[in-house]
Amino acid sequence: MKKLKIASIPGDGIGKEVVPASIDILNAIAEVHGGLKFEFVEFPWSCEYYLEHGMMMPEDGLKRLSDFDGIFLGAVGNPKLVPDHISLWGLLIKIRREFEQSINLRPAKVIKGIQSPLINPKDFDIMVVRENSEGEYSTVGGSIYQGEDEIAIQNAVFSRKATERAMRFAFDLSAKRNKHVTSATKSNGIVYSMPFWDKVFMEVSKDYPEIKKEAQHIDALAAFFVTQPSRFDVIVASNLFGDILTDIGAAIMGSIGIAPAANINVNGKYPSMFEPVHGSAPDIEGKGIANPIGQIWTAKMMLDHFGEEELGAKLLDCIEHVTGAGYLTPDLGGSSTTTDVTTSIIEQLKKI
Ligand code: ATP
Ligand code: MG
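Residues numbered from 1 in each chain as written. Chains lettered and ligands numbered in written order. Predicted model: local features only at pLDDT ≥ 70, side-chain atom pairs only at ≥ 80, totals over all residues.

The name given to the chain in an unreviewed UniProt entry is D-malate dehydrogenase (decarboxylating), with the source organism recorded as Mesobacillus maritimus. Taken verbatim from the UniProt record of the chain, the Catalytic activity (unreviewed entry) comment is "(R)-malate + NAD(+) = pyruvate + CO2 + NADH". Quoted straight from UniProt, the Sequence similarities (unreviewed entry) entry for the chain says "Belongs to the isocitrate and isopropylmalate dehydrogenases family." (UniProt positions renumbered as here; feature names shortened; annotations may be inferred.)

And the structure:
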């Protein structure tokens, strides 16, 4: 029996609604499968926790999390209670950084029954591997002078280690998919970091002769992402390029409420963290209408991460069955509740 010990942090707002729904689903999968068991331990770390304790998580929070196989997180932040910079840096960003979750992995795929802004979204099934620890979002730089002479300088940082790590991750992932990696570059305009990025991409690709490789400038790539998505399987991108591409991806998916994500610690030294793209959505909190699919699909990514790809694929099939049958929450134009969608997925899981 394979046992997975998962720390669950529902967090704020609708996180407290969609995380329990997804845990029900994971437990249902484990029951159907037989050979798998989850042990969930819930941590109430959130903005409310902050108001009571003056911190988002206890001093030994990270130490406690490090004992788990994975972290399943809902959403953190409620600017009405705690300023975002405190809540995000006190929990989410702290975990991402301290646990060296250097890859942000985001599928961009249109599933059945969902209205996408793309006219023909059938072929839209792409994995974006975003380098998540450095690049354009470095803290190296500064500003000088004042007034009309004022200059701000922002240095992008690309280390061989982090660049190579992202690329290897992309090739390994593509080996399990359609064996095609596209590197998002801009070496015709950015003259130091991007030629370096290209060089590392070429070097790493030599270790994967069976995988088709291609480099495309981010501007052209972004256009093809929308007009000819079938050109792509896995895209590896820097922090900034990946950030923008994955948001376009979520928009094409039809609602931010269905987009999943994972923050991966590549060497397995620390747990990886699975959290959907959406935030705590305080505007719909407590109404029972939050779309649980982003969180449930995130649970699928967690299954994949732990080598349960077959179960992960089954779960996505069940999600599609339910959306295809018209069980849609209001963000997708339907009138189903969080519970309707969740129980329909569980029913479907039990049938297969
Ligand atoms: P962040 O918390 O990342 O700063 P944000 O506060 O800008 O993000 P969200 O909390 O994701 O954004 O909400 C943006 C909009 O999308 C809101 O109107 C919210 O109601 C809606 N939304 C987000 N997630 C869901 C969901 N799972 N189901 C339905 N609507 C959602
Ligand atoms: Mg928010």
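Trainee: Help me get a handle on the sheet that holds strand β9 (residues 212–217), residues and values and all.
Mentor: Spatially, ten strands are ordered β2-β1-β3-β12-β11-β4-β5-β10-β8-β9 in an open sheet, and the strand pairing comes out mixed. Strands with a single pairing partner mark the edges of an open sheet, and in this sheet they are β2 (36–42) and β9. Shown here is a sheet whose adjacent strand axes are inclined to one another by a mean of 25 degrees, direction ignored. Bridge count between strand β8 (residues 180–185) and strand β10 (residues 234–237): three bridges; the pairing is parallel. Bridge pairing in β10 places S183 opposite V236. (Pairing = 2+ DSSP bridges. Helix = DSSP H or I, 4+ residues; strand = E, 2+ residues; numbered from the N terminus. Axes fitted to C-alpha atoms, helices over the stretch in contact; angles between N-to-C directions.)

Trainee: I'd love a proper account of the site of ligand 1, names of residues and values included.
Mentor: If you check the shell around ligand 1, you find 16 residues, and the closest are G257, H278, G279, A281 and N291. Partitioning the shell around ligand 1 into residue classes produces six nonpolar, eight polar and two charged. (Near = placed C-beta within 6 Å. Nonpolar A, V, L, I, M, F, W, Y, C, P; charged D, E, K, R; others polar.)

Trainee: Can you tell me about the packing of helix α7 (residues 218–227) against helix α8 (residues 239–252), naming the residues and giving the values?
Mentor: For any two helices packed against each other, the geometry comes down to the angle between their axes and how far apart the axes lie. Between α7 and α8, whose axes approach to 11 Å, the crossing angle comes to 15 degrees. Considering their axes alone, α7 and α8 lie roughly parallel with respect to each other. In the crossing of α7 with α8, the sense of the turn from one axis to the other is right-handed. Residues I218, A222, F225 and V226 of α7 pack against F241, L245 and I248 of α8. Class assignment for the residues of the contact of α7 with α8 results in seven nonpolar, no polar and no charged. (Parallel < 35°, antiparallel > 145°, perpendicular 65-115°, else oblique. Left-handed = near helix turned anticlockwise from the far one by under 90°. Contact = placed C-beta atoms within 7 Å.)

Trainee: Residue-level account of helix α11 (residues 338–351), with values.
Mentor: For α11, which comprises 14 residues, the first-to-last C-alpha distance of 21 Å matches the rise-based estimate of 20 Å (1.5 Å per residue) to within 8%. Residues of α11 that are buried make contact with α1 (15–33), α9 (293–305) and α10 (309–324). (Expected span 1.5 Å × (residues − 1).)

Trainee: So what's going on with the UniProt feature "domain: Isopropylmalate dehydrogenase-like" (unreviewed entry) in the chain? Residues and values would help.
Mentor: Residues annotated by UniProt as "domain: Isopropylmalate dehydrogenase-like" (unreviewed entry) correspond here to residues 5–345. Segment residues 5–345 splits into 40% helix and 21% strand. End C-alpha atoms: 23 Å apart.

Trainee: So what's going on with the environment of I14? Which residues, and what values?
Mentor: For I14, the position within the fold is in the loop between β1 (2–11) and α1. Between the C-alpha atoms of I14 and D60, which are 46 residues apart in sequence, the distance is 26 Å. Sequence-distant contacts of I14, defined by excluding residues within four places in its chain, comprise A75, S280, A281, I284, E285 and A290.

Trainee: Could you give an account of the domain arrangement of the chain, with specific residues and numbers?
Mentor: Note: interface size is frequently given as the accessible area lost on complex formation between the parts. What the domain assignment lists for the chain is domain 1 (1–105 + 258–352) and domain 2 (116–253). If you average the C-alpha positions of domain 1 and of domain 2, the two centres end up 26 Å apart. On the side of domain 2, 13 residues touch domain 1, which itself brings ten residues to the contact. Ranked by the residues each element gives to the side of domain 1 that touches domain 2, the list is headed by strand β4 (residues 103–109), at three residues. The residue inventory of the side of domain 1 that touches domain 2, partitioned by class, reads six nonpolar, four polar and no charged. (Domains from an automatic or database assignment.)

Trainee: Summarise the environment of A166; cite the residues concerned and give the values.
Mentor: For A166, the location among the structural elements is in helix α5 (residues 160–175). Taking the C-alpha atoms as reference points, A166 and A237, 71 residues apart in sequence, are found 8.2 Å from one another. Those residues in contact with A166, other than ones at most four positions away along the chain, are I103, V129, E131 and V236.

Trainee: Give me the lowdown on the packing of α10 against α11, citing residues and values where you can.
Mentor: For the pair α10 and α11, the least separation of the axes is 9 Å and the interaxial angle reads 125 degrees. Judged on the interaxial angle alone, α11 and α10 are oblique. When you trace α10 past α11, the crossing you get is right-handed. Across from C318, I319, H321 and V322 in α10, the residues of α11 making contact are V341, S344, I345, Q348 and L349. Here the residues of the contact of α10 with α11 sort into six nonpolar, three polar and no charged.

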